[in-house]
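If you want the building blocks of each chain, they are given just below.
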Amino acid sequence: MTGKQPYVGQGLEAPHAFTLMPGPTKHTQYPYVTGTSVLGIKYKDGVLIAADTAASYGSTVRYKSVERLKACGKHCLIGASGEISDFQQILQYVDKLILNDYMWDDGNNLSPKDIHNYLTRIMYNKRNNFDPLWNTLVLGGVKNGEKYLGVVTMIGVQYVDNHVASGFGNHLARPIFRDEWHENLTLEEGIQLLEKALTVLFYRDRSAINKVQVANITEAGINISEPYALKTNWDYNAFKNPTVGAEGSW
Amino acid sequence: MAETMIDLPPKGGFSFDLCRRNAMLEKNGIALPRFRKTGTTIVGLVYKDGVILGADTRATEGEIVCDKNCEKIHYIAPNIYCCGAGTAADTENVTDMVRSQLELHRYATNRDSRVVTALTMLKTHLFGYRGQVSAALVLGGVDVTGPHLHTVYPHGSTDTLPFATMGSGSLAAMSVFESRYKENMTKEEGMELVAAAICAGIFNDLGSGSNVDLCILTKGEKKAEYLRNYQKPNPRSYVRSKGYDFVKGHTAVLSTKITPLKDHVAIIEGEAMEE
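Rules behind the numbers
- Residues numbered from 1 in each chain as written.
- Chains lettered and ligands numbered in written order.
- Predicted model: local features only at pLDDT ≥ 70, side-chain atom pairs only at ≥ 80, totals over all residues.
- Heavy atoms only, no water.
- Contact = heavy atoms within 4.5 Å.
- Buried area = accessible area lost by both parts, 1.4 Å probe.
- Salt bridge = Lys/Arg side-chain N within 4 Å of Asp/Glu carboxyl O.
- Polar contact = N/O pair within 3.5 Å; in protein donor to acceptor, adjacent residues only side chain to side chain.
- Helix = DSSP H or I, 4+ residues; strand = E, 2+ residues; numbered from the N terminus.
- Axes fitted to C-alpha atoms, helices over the stretch in contact; angles between N-to-C directions.
- Left-handed = near helix turned anticlockwise from the far one by under 90°.
- Nonpolar A, V, L, I, M, F, W, Y, C, P; charged D, E, K, R; others polar.
- Expected span 1.5 Å × (residues − 1).
- Buried < 20%, exposed > 50% of the residue type's maximum accessible area, 1.4 Å probe, protein only.
- Phe/Tyr/Trp six-rings, centres within 6.5 Å; stacked < 30°, edge-to-face > 60°.
- Lys NZ or Arg CZ within 6 Å of the ring centre and 35° of its normal.

Enquirer: Any chance you could break down the interface of chain B and chain A for me, citing the residues and the numbers?
Expert: Taken together, the contact pairs 21 residues of chain B with 24 residues of chain A. For the pair chain B and chain A, the summed buried surface comes to about 1900 Å²; carbon and sulfur atoms form 59% of the total. Contact with chain A buries area across many residues of chain B, yet Leu171(B), Glu178(B) and Glu183(B) alone supply 26% of it, more than any other trio. Summed over the shared surface of chain B and chain A, the result is 2 salt bridges. Note that Arg204(A) and Glu178(B) form a salt bridge whose closest N and O atoms lie 2.8 Å from each other. Here chain B and chain A share 5 residue pairs in polar contact (both at pLDDT 80 or more) between them. With 7 residues, the top contributor of residues to the side of chain B that touches chain A is helix α4 (residues 170-180) of chain B.

Encoded structure:
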C-alpha cells in the first residue's frame, strides 16, 4: 500500500492512530482447525448425538482426541462441526447463560428450545456483521418429557427435526436416516443406526477418523460415552485382486 | 527473413480455438446457453453371477427438469452396458462411438467384446479431450473373463470396483451401498440393493428423480436383462377420475384454411426400391 503507514505516535486522526493494519477491518474469512460431521437422532426415550473426535488442520488430521460433544446445563447437549476455537467461544457464551439462569435460583431452568434460540440469535447477529462463528451446531435435549433436536448453522439458519446431521453427514447419513429412522427406536437400535452412519462417514469422509463418541440425553440426564472404534471391513475379495481377468488394467 | 507461419491442421484432441471467442462474447454480455446435464444417480454392483447397473431417469437444464423419463443406461454390446452422468450429449455420443467401434471390432475378431476393450476405448478418448468431454460413466459387463465393473471419469481415469456410484446423487447411493453391500449376493438381493441405492439418490438428491432403471448382465446369458422403469416411486399424485377428454368445441376456432395436397403432389407409378 502506498503512502505513510499510520501507526501510534504519528500524530494522525484518532481512528487511524490505533490501526496497525492498513485497509478496512476484516474478520474471519476461513476456518483453520475444523471438526467434521455431527449426527443426531431422536429415539423412544430421548435423543442420541454422535461425532468423531478428530480436529483437522486443513488436510492433516491434527488432533485426534477432541471432544466435540459438550453438555450444557442439565437438559441439553451441543455438538459442533467447523472451527473448534469458535465452538469453545460458544461454550463460554452458553456457560454464562446457564450460570446466570442458575443464579436466579427460581426452581426453573432453561429448556433446550431456549438455548437453541439463544444460539440462533448469536450466530445470526455475528453473520450480519460479517464476522461469523464458523460452526454448524447440533443441539439436543429432553425436558419435561419433551424431546428436542435442532440445528443452527453459521449463517443463522435454524431448524428442528427427528434426525439431523452437519456437513458431510447431510449427504451420507441423512439418506440412511430417512430410510431407517422411526419413532420407536430403542436405545440399542438408535446406537446401531448412528454407528451405521458413522461407519459410512469413516469410509467416505476424508476428515473422519475411526474414534467416535455417542451421547445419550434422556429425562434422567446426559451421558457421553468414552471414545471407541467402529468395526470396519476391508476384506472384500474384489479389493484384494481388483483387475482379475484384465491383467495390466486399473 | 520471411515469416513463414505454416498453419498445420489440428492433429486431434480438443481444439481450444473457439474459447477466446466465447470469452469475448461472454464479456459483451451474451450468456452461454445452458447445456443439458443428467444431474444423476448411477450405480453398478457385482453380484455372484454378474453385474447389475442402475440409474435414475431425470435430466436437468439448469434448475428445470427437461426430461422426466430419460434413459441413462446405454447399450455398448450385448454383454456390456454403460450408465452415464454429466453432460447428456457427451455421455450419449461417447457411448455411441464406442458401441460402433466395438461392433466393427467384433466383426474383425469374430469374438464377443470384452469390457476392458470398451474401457480402454473410453478412457483413451476422454483423456485426449482433457476433461472437456464431461462424461462420468459406470461401465459394466460380463465377458469370457468374468463380470467386470468400472468407473470412468471425465479426465480419463478409471477404477475397478465391486460397487460404484457416480453423479450428483452418488453420495446418497454410496451410503446405501457402504452400509448394505455383501460379497456374492444373489440376483434378487443385488436388484433390491441397486434399486434402494437409486431411490436414495432420487429422494435425497435434487438432481435425480422420477424412476429407477435396471440392467442385469449375467454370466452365461447372451443378452442382458434391461428393465426400463423397474420401479416408479413417483407417480402423478392426482389424476382426474373422470379422465381428460377434449371434446370438439373446447378450443375456439378462429379461422380455417384447407389445402388439398392432391393439387401439389403428383402420384406416379414406380417400382419398390431395393432394400
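Back to the write-up after that little detour.
Enquirer: Can you break down the packing of α4(B) against helix α5 (residues 187-204) of chain B residue by residue, with the values?
Expert: What describes two packed helices is the angle between their axes and the distance between those same axes. Residue and element names in this part refer to chain B. The N-to-C vectors of α4 and α5 enclose an angle of 145°; their axes lie 7 Å apart at closest approach. Read as a crossing pair, α4 and α5 show a hand that is right-handed. Across from Ala 172, Ala 173, Val 176, Phe 177 and Arg 180 in α4, the residues of α5 making contact are Leu 193, Val 194, Ala 196, Ala 197, Ala 200, Gly 201 and Asn 204. Partitioning the contact of α4 with α5 into residue classes produces 9 nonpolar, 2 polar and 1 charged.

Enquirer: Can you tell me about helix α6 (residues 187-204) of chain A, naming the residues and giving the values?
Expert: Residues three or four positions apart in an α-helix share a direction because the helix packs 3.6 residues into each turn. The end-to-end C-alpha distance of α6(A) is 26 Å, a good match for the 26 Å that 18 residues give at a rise of 1.5 Å each. By the burial criterion, the buried members of α6(A) are Gly190(A), Leu193(A), Leu194(A), Ala197(A), Leu198(A), Thr199(A), Val200(A), Leu201(A) and Tyr203(A). Residues of α6(A) that are buried make contact with β2 (38-43), β3 (46-52), α4 (169-172), α5 (174-180) and β12 (212-218) of chain A together with α4 of chain B.

Enquirer: Give me the packing of aromatic side chains: which residues, what numbers.
Expert: Tallying each qualifying case throughout the model produces 9 aromatic pairs over all chains. Centre to centre, the rings of Tyr75(B) and Tyr81(B) are 5.6 Å apart; their planes meet at 80°, and the pair counts as edge-to-face. Between Phe163(B) and Phe177(B), the aromatic rings sit 5.8 Å apart at their centres with planes inclined by 70°, giving edge-to-face as the arrangement. One end of the pair, Phe163(B), is in strand β10 (residues 163-166); the other, Phe177(B), is in helix α4, with 14 residues separating them in the sequence. Among the aromatic residues, ring-to-ring pairing joins Tyr236(A), Phe239(A), Phe163(B), Phe177(B) and Tyr181(B) into one connected group. The positively charged end of Arg130(B) is found above the aromatic ring belonging to Phe127(B), 5.4 Å away from the centroid.

Enquirer: How would you sum up the side chain of Thr53(A)? Please name residues and give values.
Expert: Residues and elements named next belong to chain A. By the element assignment, Thr 53 lies in the loop between β3 and β4 (55-57). On the accessibility criterion, Thr 53 (1% relative accessible area) is buried. A polar side-chain atom of Thr 53 sits 2.9 Å from the main-chain carbonyl oxygen of Lys 64. What Thr 53 contacts, discounting residues up to four positions off in sequence, is Tyr 63, Lys 64, Ser 65, Val 66, Ile 209, Lys 211, Gln 213 and Pro 227.

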